[in-house]
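As a plain string of letters, each chain reads:
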Amino acid sequence: WPGRVVSWGALAVLSVAAAGTVYLEKRSADSEIFVEVDMLVSRGNMVELFLNDVDHPPARLPVVAGQRHVYRFEKLPRRITMLRLDPTDLPDARMVIYGLVAKTRTETLQQIRPPELRSWTLVNLSPPKSEDGGLALEDTNDDPILRSSVEIGAPAGILQALCALVETSDAPFLLSMAGFL
């Protein structure tokens, strides 16, 4: 009889742990950041988005030449402190940027419109002009760059918030062990 109580108790603990894991995974997926760039690029092969520093490889998407298109960059860091957009990789290209939005599946974190883009650092680009609600630019070589410091972060999930309280590299392990006590 006591063996059955232990078995049922273990099964209950495992069931609660599994449900908690599924819940935390769903919360984590809902807080993944993605960035959408709404723009028209006349020519090119790749659009690149550097995040936080230029030493790491950028997120890349193929250019949809000659058409206004929303480029959606996914699987990004939960905290973004620098954005660098390289809208094309070919010279003599023209682009119109209508906006940039950082969001999760459930909320918009930051929206950057053409007036704000004017204050970004522009490299290898003509002076910006307003056009049809967007910011029109022409590149001067094959490496046009728009760059700015930003502060974008997804709300922390429950587990991330608890880990931040512990502030050690083994915080997830310590918290999981505490859960079993």
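Residues numbered from 1 in each chain as written. Predicted model: local features only at pLDDT ≥ 70, side-chain atom pairs only at ≥ 80, totals over all residues. Heavy atoms only, no water.

Right, let's talk about the environment of Gln-111 for a bit. Of note, Gln-111 is situated in strand E7 (residues 108-112). By relative accessible area, Gln-111 is classed as partly exposed at 41%. In sequence terms Gln-111 and Gly-99 are 12 residues apart; their C-alpha atoms lie 7.4 Å from each other. Residues in contact with Gln-111, not counting those within four places in the same chain, are Leu-100, Val-101 and Glu-116. (Helix = DSSP H or I, 4+ residues; strand = E, 2+ residues; numbered from the N terminus. Buried < 20%, exposed > 50% of the residue type's maximum accessible area, 1.4 Å probe, protein only. Contact = heavy atoms within 4.5 Å.)

The buried fraction of strand E10 (residues 134-138) amounts to 4 of the 5 residues, a majority that puts the element mostly inside the structure. In the sheet, strand E6 (residues 94-103) pairs with E10 via 4 bridges, with the strands oriented antiparallel. Paired with Met-95 across the bridge in E10 is Leu-137. As judged from the 3 bridges shared by strand E9 (residues 129-131) and E10, these two strands associate in the antiparallel manner. (Pairing = 2+ DSSP bridges.)

Applying the stated criterion to the full structure yields 0 aromatic pairs. One cation-aromatic arrangement involves Arg-68 over Tyr-98; the distance from NZ or CZ to the ring centre is 3.6 Å. Taking NZ or CZ as reference, Arg-84 lies 4.4 Å from the ring centre of Phe-50, over its face. (Phe/Tyr/Trp six-rings, centres within 6.5 Å; stacked < 30°, edge-to-face > 60°. Lys NZ or Arg CZ within 6 Å of the ring centre and 35° of its normal.)

With that settled, the discussion passes to the pattern of salt bridges. Working definition: two side chains of opposite charge can pair if their charged atoms are close together. Considering all chains together, one arrives at 9 salt bridges under this definition. The partner of Arg-60 in a salt bridge is Glu-48, and the shortest N-O contact between them spans 2.7 Å. Here Arg-60, found in strand E3 (residues 59-62), pairs with Glu-48, found in strand E2 (residues 46-51); they are 12 residues apart in sequence, far enough to count as distant. A relative accessible area of 47% places Arg-60 in the partly exposed class. In this structure Glu-48 comes out as buried when scored by relative accessible area, which is 17%. The network of salt bridges with common partners includes Glu-36, Arg-72, Glu-74 and Lys-103. (Salt bridge = Lys/Arg side-chain N within 4 Å of Asp/Glu carboxyl O.)

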